[in-house]
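Topology and contacts: notes
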Amino acid sequence: AQSVTQLGSHVSVSEGALVLLRCNYSSSVPPYLFWYVQYPNQGLQLLLKYTSAATLVKGINGFEAEFKKSETSFHLTKPSAHMSDAAEYFCAVSGTTGNQFYFGTGTSLTVIP
Amino acid sequence: EPEVTQTPSHQVTQMGQEVILRCVPISNHLYFYWYRQILGQKVEFLVSFYNNEISEKSEIFDDQFSVERPDGSNFTLKIRSTKLEDSAMYFCASRAAVSYEQYFGPGTRLTVT
């Protein structure tokens, strides 16, 4: 069975500061991992994905995430926050069947000017 | 860039009524999904559909729910007799055969009164 835990339902950072959003997963099979972003009143947009290639994954808008098997983590980072990064971020895991996604509860990111 | 579209964006219905939520997946995708997100909660998997049949479904997807691909482009979710607790944002997603990332539509907000 797969599950995802996102620590911190709300994260606030200053503009220009490091963004770190945490995601830990549980999976009985080698996982595929994803980060999605949801802006207000919009759908889920894929930020980046890990599918068993390079452990450091780069995504859109300057975000990246590192898969750490020993820590069962897939934390999302961005070196310098921008006001436009304010949104809800969801981590998701899928087993190798590639079927259903299991989502975390989401982290709401606020960027303070 | 191809995208998943959903109609309507907002649907209000009375308890006990039938609703059909419509989705047009990305044209060369073969796997289709429905998820829902109750306000303030995580995104939950409902059902996956491949080769004109359900491949996986969650315990949420009971006999009140059905899915259909009536033609080569649409993918629908029907709720036979809506309940108050069906009020949620419903997301359609699709993916290609050769990758595992799912592409989400903007969602339909269903309000049951």
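Residues numbered from 1 in each chain as written. Chains lettered and ligands numbered in written order. Predicted model: local features only at pLDDT ≥ 70, side-chain atom pairs only at ≥ 80, totals over all residues. Heavy atoms only, no water.

The next thing to look at is the overall build of chain B. What chain B contains, in helices and strands, is zero helices and 11 strands. In sequence order, chain B lays out its α and β elements as β-β-β-β-β-β-β-β-β-β-β. The C-alpha radius of gyration of chain B comes to 13 Å, within 12% of the 13 Å expected for a compact globule of 113 residues. By principal-axis analysis of the C-alpha atoms, chain B measures approximately 40 × 25 × 25 Å. (Helix = DSSP H or I, 4+ residues; strand = E, 2+ residues; numbered from the N terminus. Rg over C-alpha atoms; globule rule 2.2 N^0.38 Å.)

All told, the structure shown has 23 aromatic pairs over all chains when counted by the stated rule. Ring geometry for Y31(B) versus Y50(B): centroids 4.3 Å apart, planes at 10°, classification stacked. Note that Y31(B) is positioned in strand β4 (residues 31-37) and Y50(B) in strand β5 (residues 43-50), a separation of 19 residues in sequence. Here a set of aromatic residues connected by ring pairs shows up, and it is made of F34(A), Y36(A), F90(A), F101(A), F103(A), Y33(B), Y35(B), F45(B), F91(B) and F104(B). (Phe/Tyr/Trp six-rings, centres within 6.5 Å; stacked < 30°, edge-to-face > 60°.)

All chains considered together, the criterion is met by four salt bridges over all chains. Residue K49(A) is joined to E101(B) by a salt bridge in which the shortest nitrogen-to-oxygen separation is 2.8 Å. In this pair, K49(A) sits in strand β6 (residues 44-50) while E101(B) sits in the loop between β9 (88-95) and β10 (103-104), so the two residues belong to two different chains. Close ionic contact of K78(A) with D85(A) constitutes a salt bridge, the shortest N to O distance being 2.9 Å. (Salt bridge = Lys/Arg side-chain N within 4 Å of Asp/Glu carboxyl O.)

All names here are of chain B. Tracing the backbone shows S99 in the loop between β9 and β10. When its relative accessible area of 15% is taken as the criterion, S99 is described as buried. C-alpha separation for the pair S99 and D86, spaced 13 residues apart in sequence, amounts to 31 Å. (Buried < 20%, exposed > 50% of the residue type's maximum accessible area, 1.4 Å probe, protein only.)

Before going further, it helps to examine the interface of chain A and chain B. Contacts between chain A and chain B engage 19 residues on the former and 17 residues on the latter. Buried area between chain A and chain B, summed over both chains or domains, comes out near 1,700 Å², and the portion from carbon and sulfur atoms is 54%. The tally of links from chain A across to chain B stands at one salt bridge. In this structure, the connection of chain A to chain B is made through five residue pairs in polar contact (both at pLDDT 80 or more). Where the side of chain A that touches chain B is concerned, the elements lending two or more residues are β5 (32-38), β6 and β11 (101-103) of chain A. Sort the elements by how many residues they give to the side of chain A that touches chain B and β5(A) lands first, with four residues. (Contact = heavy atoms within 4.5 Å. Buried area = accessible area lost by both parts, 1.4 Å probe. Polar contact = N/O pair within 3.5 Å; in protein donor to acceptor, adjacent residues only side chain to side chain.)

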